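Descriptive structure summary
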Amino acid sequence: MDNQANTDYQNGKALSVADVSIATENRRFLGDVSNMDLELIEQILPHCSKTQLIHIEKSTKDRDLSPVTDKLWKSFYEKEFGIESTESVSEIMKEWNLKFKWSDRLVPGEIKESEKGFEERK
């Protein structure tokens, strides 16, 4: 985002389509998005890779991004492990009345050790 767009954003003015497009194109440079408008975050994050999403979540302090990122992590999980596995995890977590974030289930390229134990209990 250019300086004027950033100033406009901070002053509560709506961002233009061009501003959102520039922010999306430059998402690799994003870090802490604590002060960014939720609507803008919702438009940018779906374009992120797993690595970019991890970086943004780790960099962001004092703000829970899971309302936006959880569905993105679920999508990554589904792409990596399939619909059947995703539905199975969802059903078991509901059955056991457990709360979790999809990012907790997924590490780029592999299942976490806790996930392996979870799969063995099924």
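It should be emphasised that the depicted structure is a prediction, and the values quoted were computed from it without experimental measurement. (Residues numbered from 1 in each chain as written. Predicted model: local features only at pLDDT ≥ 70, side-chain atom pairs only at ≥ 80, totals over all residues. Heavy atoms only, no water.)

Things to note about the packing of helix α4 (residues 50-59) against helix α5 (residues 66-81)
- Where α4 contacts α5, the axes come no closer than 12 Å and their chain directions differ by 150°. Comparing their axes, α5 and α4 come out roughly antiparallel. The chirality of how α4 crosses α5 is left-handed. Counted together, Lys 50, Leu 53, Ile 54 and Glu 57 of α4 and Thr 69, Leu 72, Trp 73, Phe 76 and Glu 80 of α5 form the full contact between these two elements.
- Tallied by class, the residues present in the contact of α4 with α5 amount to 5 nonpolar, 1 polar and 3 charged. (Axes fitted to C-alpha atoms, helices over the stretch in contact; angles between N-to-C directions. Helix = DSSP H or I, 4+ residues; strand = E, 2+ residues; numbered from the N terminus. Parallel < 35°, antiparallel > 145°, perpendicular 65-115°, else oblique. Left-handed = near helix turned anticlockwise from the far one by under 90°. Contact = heavy atoms within 4.5 Å. Nonpolar A, V, L, I, M, F, W, Y, C, P; charged D, E, K, R; others polar.)

Focus on the packing of α5 against helix α6 (residues 83-95)
- At a minimum axis separation of 7 Å, α5 and α6 run at an interaxial angle of 130°. In terms of orientation, α5 and α6 fall into the oblique class. Where α5 approaches α6, its residues Lys 74, Tyr 77, Glu 78 and Phe 81 are matched on the opposing element by Ile 83, Ser 85, Thr 86, Val 89 and Ser 90.
- Of the residues contributing to the contact of α5 with α6, the split by class is 4 nonpolar, 3 polar and 2 charged.

A short note on the confidence of the model for the protein
- Per-residue pLDDT for the protein averages 76, and the proportion of residues at 70 or more is 74%.
- Below a pLDDT of 50 lies the segment residues 1-10, which in the model reaches 12 contacts outside its immediate sequence neighbourhood of four places, other chains included.
- Scored below 50 in pLDDT, residues 108-122 makes 27 contacts in the model with residues more than four places away or belonging to other chains. (pLDDT = per-residue confidence, 0-100.)

Quick word on the environment of His 47
- Structurally, the position occupied by His 47 is in the loop between α3 (38-44) and α4.
- In contact with His 47, not counting residues within four places along its chain, are Thr 24, Arg 27 and Gln 52.
- Of note is the side chain of His 47, whose polar atom sits 3.4 Å from the backbone oxygen of Gln 43. (Polar contact = N/O pair within 3.5 Å; in protein donor to acceptor, adjacent residues only side chain to side chain.)

Topic: the packing of aromatic side chains
- For the coordinates displayed, the defined rule picks out 3 aromatic pairs.
- Ring centres of Trp 73 and Phe 76 lie 5.5 Å apart, and the angle between their planes is 55°; on these two criteria the pair is classed as tilted. Separated by 3 residues within a single helix, Trp 73 and Phe 76 lie in helix α5, roughly one turn from each other. No difference in accessibility class separates Trp 73 from Phe 76, as the two residues are buried.
- An aromatic cluster of at least three residues, connected via ring pairs, comprises Tyr 77, Phe 81 and Trp 102. (Phe/Tyr/Trp six-rings, centres within 6.5 Å; stacked < 30°, edge-to-face > 60°. Buried < 20%, exposed > 50% of the residue type's maximum accessible area, 1.4 Å probe, protein only.)

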